[in-house]
2 protein chains.
Amino acid sequence: MRMSDGVEWAAHCCVVLAVVPPDRALPAARLAEYHGVPAAYLAKHLQALARAGLVETTKGPRGGYRLSRPASEITMLDVVEAIEGDEPAFRCTEIRRRGPSAAPAREYRTKCAIHVAMNRADDAWRRELSNTTIADLLRQVGRDASPKALAKGAVWLQEVLA
Amino acid sequence: MRMSDGVEWAAHCCVVLAVVPPDRALPAARLAEYHGVPAAYLAKHLQALARAGLVETTKGPRGGYRLSRPASEITMLDVVEAIEGDEPAFRCTEIRRRGPSAAPAREYRTKCAIHVAMNRADDAWRRELSNTTIADLLRQVGRDASPKALAKGAVWLQEVLA
DNA sequence: GTCCCTATACTCGGATAGCAAGTGTCCGAGTATAGGCGG
DNA sequence: CCGCCTATACTCGGACACTTGCTATCCGAGTATAGGGAC
């Protein structure tokens, strides 16, 4: 059960987009350059963010991606579900209904106990993810990163948006 | 991010093994028959349970699998980690250290904020899974299943163990 | 009748193909911009 | 000098190969059992 690398990329991109002025946008190629990842592949994931409504796009010169709502209203869960889909990792195939001890369908009125336990864990996971917003991440990065690195990032952004 | 079907199979097998007398064992072929799944493939996952120390094996006639400790001391997390491995689904590749705003390694003293958030969610997921034991599942199945289905299962088990 | 031995059949275990999903890439559709032209 | 028009170049978006890991299977190694034979 491995999560796509795209989730990490998308989350970092959202943090960067959070510091872009609302009337400007950042092309996929620039975001890829900033993170040192393949531009073509990152574009694929950014499209997923766009489909999920997390980012807006503008075509043509000075176009690119921008957050479609405040960073404080975009959660990690939104990003993960945009990339990975919103289906639970565990899929119950109802194997209890097969084999020699199977019964008619109408006798299975309650959900499989294993299914229930898995869903509980999945809910806890999603609940925890929804407690962190892009704004939280940005704040944390501001605290964690060295002043030098922050300055370099700011300079880069200024040049790109110029 | 899809979990292996083997997790579902392994969990169901553990529940069945929980009702097998401690001095008896159940072959993989019987477990497969009971659940209506491919025997050869199920065997692979049972081997994973054995490697993780959740079940013990006996070779030869009247051999098979049995739980290596009481069902109340085997959690869903044990089963999931036996099949899927104990590595978190999210793997941080430290892309923050790449690109134009990268800094020397010594400046990254704290963990990536996104990494931390993902770990929090992963911990919550695992904590929830570890709150359910095989004994809990067995109890729940006893409550949920129809008396008829339970009887059929009991008869099948008696015949197999005879 | 009892004990021992051997052959048997049954079990797990790891090594081996097949397939689906994620990974990575490319080119076409659409649009804001910049420059040139006419008024 | 100002406004309009056109050509340009830049952007996203979906369609196309490739690789990794899950799915599925098989055959060999090891052992408890059952039966037969000797005492």
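Keep in mind the model is a prediction, meaning the values are calculated, not measured. (Residues numbered from 1 in each chain as written. Chains lettered and ligands numbered in written order. Predicted model: local features only at pLDDT ≥ 70, side-chain atom pairs only at ≥ 80, totals over all residues. Heavy atoms only, no water.)

Caption draft 1: View of the overall build of chain A. Secondary structure assignment for chain A yields seven helices and two strands. In terms of C-alpha radius of gyration, chain A reaches 21 Å, well past the compact-globule figure of 15 Å for 162 residues. Judged by the C-alpha coordinates and their principal axes, chain A covers about 70 × 35 × 25 Å. Across the 162 residues that make up chain A, the buried fraction comes to 48%. Here the analysis covers contacts within chain A between residues at least 6 apart in sequence; of these, 65% occur between residues at least 24 apart. Each charge class in chain A was averaged separately, 23 positive and 19 negative side chains, and the resulting centres sit 3 Å apart. (Helix = DSSP H or I, 4+ residues; strand = E, 2+ residues; numbered from the N terminus. Rg over C-alpha atoms; globule rule 2.2 N^0.38 Å. Buried < 20%, exposed > 50% of the residue type's maximum accessible area, 1.4 Å probe, protein only. Contact = heavy atoms within 4.5 Å. Lys, Arg positive; Asp, Glu negative; His and termini not counted. Charge placed at Lys NZ, Arg CZ, Asp CG, Glu CD.)

Caption draft 2: Molecular detail of helix H4 (residues 76-84) of chain A. The element H4 of chain A is extensively covered by neighbouring structure, given that seven of its nine residues are classed as buried. Those residues of H4 of chain A that sit buried are Met 76, Leu 77, Val 79, Val 80, Ala 82, Ile 83 and Glu 84 of chain A. Residues of H4 of chain A that are buried sit in contact with helix H1 (5-17), helix H3 (39-51), helix H5 (113-129) and helix H6 (134-144) of chain A together with helix H5 (113-129) of chain B. The positive-phi residue at the C-terminal boundary of H4 of chain A is Gly 85 of chain A, with phi of around 90°.

Caption draft 3: Focus on the interface of chain B and chain A. Every contact between the two is made by 57 residues of chain B and, on the other side, 57 residues of chain A. Between chain B and chain A, a total of about 5200 Å² is buried, with carbon and sulfur atoms accounting for 63% of that surface. Summed over the three residues of chain B that lose the most area to chain A, namely Met 1, Glu 8 and Ile 95 of chain B, the buried surface amounts to 14% of that side. Connecting chain B to chain A are four salt bridges. For Arg 91 of chain B, the salt bridge is made with Asp 5 of chain A, and the minimal N-O distance between the two is 3.2 Å. Summed over the shared surface of chain B and chain A, the result is 22 residue pairs in polar contact (both at pLDDT 80 or more). Of all the secondary-structure elements, those providing two or more residues to the side of chain B that touches chain A are helix H1 (5-17), helix H2 (28-35), helix H4 (76-84), H5, helix H6 (134-144) and helix H7 (147-161) of chain B. Ranked by the residues each element gives to the side of chain B that touches chain A, the list is headed by H5 of chain B, at eleven residues. Along the lines of polarity and charge, the residues of the side of chain B that touches chain A split into 29 nonpolar, eleven polar and 17 charged. (Buried area = accessible area lost by both parts, 1.4 Å probe. Salt bridge = Lys/Arg side-chain N within 4 Å of Asp/Glu carboxyl O. Polar contact = N/O pair within 3.5 Å; in protein donor to acceptor, adjacent residues only side chain to side chain. Nonpolar A, V, L, I, M, F, W, Y, C, P; charged D, E, K, R; others polar.)

Caption draft 4: Seen up close, the nonpolar core. Leu 49, Val 79 and Met 118 of chain A together with Leu 49, Val 79 and Met 118 of chain B are the most contacted members of the largest nonpolar core, which has 103 residues in total. Every residue in contact with Val 79 of chain A, bar those within four places of it in the chain, is listed here: Val 7, Ala 10, Ala 11, Cys 14, Leu 49, Leu 54, Ile 74 and Ile 134 of chain A. (Core = buried A, V, L, I, M, F, W, Y, C linked by side-chain atoms within 4.5 Å.)

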